Amino acid sequence: MKILCVLYKGGKSALQEPRLLSTVENSLGIGPWLKSLGHEYIVTDDKEGPNSVFQRELPDTDVLITTPFHPAYLTGDLIRNKAKKLKLALTAGVGSDHVDLTAANEKKISVFEVTGSNVTSVAEHVVMEMLNLVRNFVAAHEMSERGDWDVSAIARNAYDIEGKTIGTLGAGRIGRLVLSRLRPFNPKELLYYDYNPLPDDIATELGARHVPDLPEFLGQCDVVTVNAPLHDGTRGLINGALLQHFKKGAWLVNTARGAICDRISIAEALESGQLNGYAGDVWDVQPAPKDHPWRTMKNPLGGGNAMTPHYSGTTLDAQKRYADGTRDILERWFQGEAQVPANVIVSDGQYATKSYGKHK
Ligand code: NAP
């Protein structure tokens, strides 16, 4: 079989650190194993345009492996017109929105991902980003690096998490972990907005209240975290109109997908002070263009931006989990064994039980 894998280049870091598994250099650690089974394994970071290695190799590829960190966008056009032999698109990580799932269903291409592999990593990151924003950390660190010392200029926009109302948009694996990690901070209230209320025992354990109306939910939160997948119902969801329903000066953390938030509306809301802060690591598209406004946008006090490149779900611990999960999926696939149900996004022309299909 021909297996094509698109990863980012790790350069010197990857050569010095073999645990950087999701790099071209270390190739998810499965190269020798695949070759021992007689498969052809092509690994590249070159993913843009018709002359990229990705698009040139696609026509006779059987299995495509990609990650959300350096997504090879498997569009409807590529699936319908180029990926003639493709049977499986495997996401090494969580979130398969870079694959056109409708076209995958049409062509009966299976789409699997390593569900749950990095949810702890992301949940920790979300809590860190909240603390960063609410406590005005980035501006304080930059001041210290510059050699300046003006405590009041930082403290005038620094608060505690304690006593704040914090809500997650999406209360699945990550959203729930975030709520459980926030509880010891003694927030005023933990809220969630999701299509389905959580079972009573879980909601009670988390101490979280369901607010079924989105604008109402947003209007009650001091801090909002987005933990829903990108699908037709969430693309561009947080736009200029919806931002008006946020409390003035709220903080927003989005580690789900960049395209859930409208690029320009977010920058305008931060610059006007409608948002006091925006943080996350996901961008539309990736790698983010150098002039993407989220790189440099600031609130009126010159802070409130804690954006990073997409790395929350790719700590070394997470890389080990999703590399192992990728191998497990491939082993099952080669042997014709059933997959772990939670890993199946689409199969046999049907959406599995996960979010994407239900909200089309
Ligand atoms: P999950 O367990 O599937 O949970 C997602 C939850 O969001 C589900 O309860 C889903 O409800 C709900 N939902 C879907 N659309 C919604 C909407 N419009 N409004 C409110 N809730 C909605 O997924 P997860 O593991 O928590 O991951 C969430 C997302 O995080 C992933 O899809 C991925 O995009 C992102 N992620 C990012 C990173 C990173 O490195 N930054 C890593 C992992 C994941 P239903 O089940 O009813 O659809």
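These numbers were taken from a predicted model, which means no experiment stands behind them.

What counts and what doesn't
Residues numbered from 1 in each chain as written. Predicted model: local features only at pLDDT ≥ 70, side-chain atom pairs only at ≥ 80, totals over all residues. Heavy atoms only, no water. Phe/Tyr/Trp six-rings, centres within 6.5 Å; stacked < 30°, edge-to-face > 60°. Helix = DSSP H or I, 4+ residues; strand = E, 2+ residues; numbered from the N terminus. Buried < 20%, exposed > 50% of the residue type's maximum accessible area, 1.4 Å probe, protein only. Lys NZ or Arg CZ within 6 Å of the ring centre and 35° of its normal. UniProt positions renumbered as here; feature names shortened; annotations may be inferred. Pairing = 2+ DSSP bridges. Contact = heavy atoms within 4.5 Å. Axes fitted to C-alpha atoms, helices over the stretch in contact; angles between N-to-C directions. Right-handed = clockwise from strand over helix to strand, strands pointing away. Expected span 1.5 Å × (residues − 1).

Visitor: Before we move on, could you go through the packing of aromatic side chains and cite the residues and values that matter?
Guide: According to the stated counting rule, one finds 7 aromatic pairs in the structure shown. Ring plane angle 35 degrees and centroid distance 6.0 Å describe the contact between Tyr 193 and Phe 217, whose orientation is recorded as tilted. Highlighted residues: Tyr 193 in strand 7 (residues 189-193) and Phe 217 in helix 11 (residues 214-220), separated in sequence by 24 residues. The exposure classification of Tyr 193 matches that of Phe 217, with both residues buried. Note on Tyr 278 and Trp 294: the rings are 5.0 Å apart at their centroids and 50 degrees apart in plane angle, and the pair reads as tilted. Linking Tyr 278 in strand 11 (residues 275-280) with Trp 294 in the loop between strand 11 and strand 12 (305-307), this pair joins segments that are 16 residues apart in sequence. Judged by relative accessible area, which is 0%, Tyr 278 ranks as buried. Classification of Trp 294 by relative accessible area gives buried; the value is 1%. Following the ring pairs from residue to residue traces out a cluster consisting of Tyr 278, Trp 283 and Trp 294. The ring of Trp 283 has Arg 295 lying over it, and the distance from NZ or CZ to the ring centre is 5.7 Å. Looking at Arg 327, its charged tip hangs above the ring of Trp 33, at a distance of 4.3 Å from the centre.

Visitor: Give a description of the UniProt feature "domain: D-isomer specific 2-hydroxyacid dehydrogenase NAD-binding" (unreviewed entry) in the protein chain that names residues and reports values.
Guide: Residues annotated in UniProt with the feature "domain: D-isomer specific 2-hydroxyacid dehydrogenase NAD-binding" (unreviewed entry) correspond here to residues 128-311. Here residues 128-311 runs as 33% helix and 17% strand, with 13 Å between its end C-alpha atoms.

Visitor: Now, about the sheet that holds strand 13 (residues 344-347): what can you tell me, with residues and values included?
Guide: Overall, mixed pairing links the 7 strands, which are arranged 2-1-3-4-5-13-14 in an open sheet. Unpaired on one side and paired on the other, strand 2 (40-44) and strand 14 (350-351) mark the two borders of the sheet. Of the pairings in the sheet, the one linking strand 5 (residues 110-113) to strand 13 comprises 2 bridges and is antiparallel in character. Its bridge partner being in strand 13, Val 111 is matched across the sheet by Val 346. Set on the sheet, helix 14 (residues 316-335) makes contact with strand 1 (2-6), strand 3 (63-66), strand 4 (88-91) and strand 5; between it and strand 4 the angle comes to about 160 degrees.

Visitor: How would you summarise the pairing of strand 5 if you had to cite specific residues and measurements?
Guide: Side chains of strand 5 alternate between two faces, with Ser 110 and Phe 112 and Val 111 and Glu 113 buried alike. Of the pairings in the sheet, the one linking strand 4 to strand 5 comprises 4 bridges and is parallel in character. Pairing of Leu 90 across the sheet is with Phe 112, part of strand 5. Taking the sense of rotation as the criterion, the β-α-β connection linking strand 4, helix 5 (residues 101-106) and strand 5 turns out right-handed.

Visitor: Now, about helix 6 (residues 119-134): what can you tell me, with residues and values included?
Guide: The terminal C-alpha atoms of helix 6 lie 22 Å apart, and with 16 residues this matches the ideal 22 Å at 1.5 Å per residue to within 8%. In terms of burial, helix 6 is a largely internal element, 12 of the 16 residues being buried. Buried residues of helix 6: Val 119, Ser 121, Val 122, Ala 123, His 125, Val 126, Val 127, Glu 129, Met 130, Asn 132, Leu 133 and Val 134, and no others.

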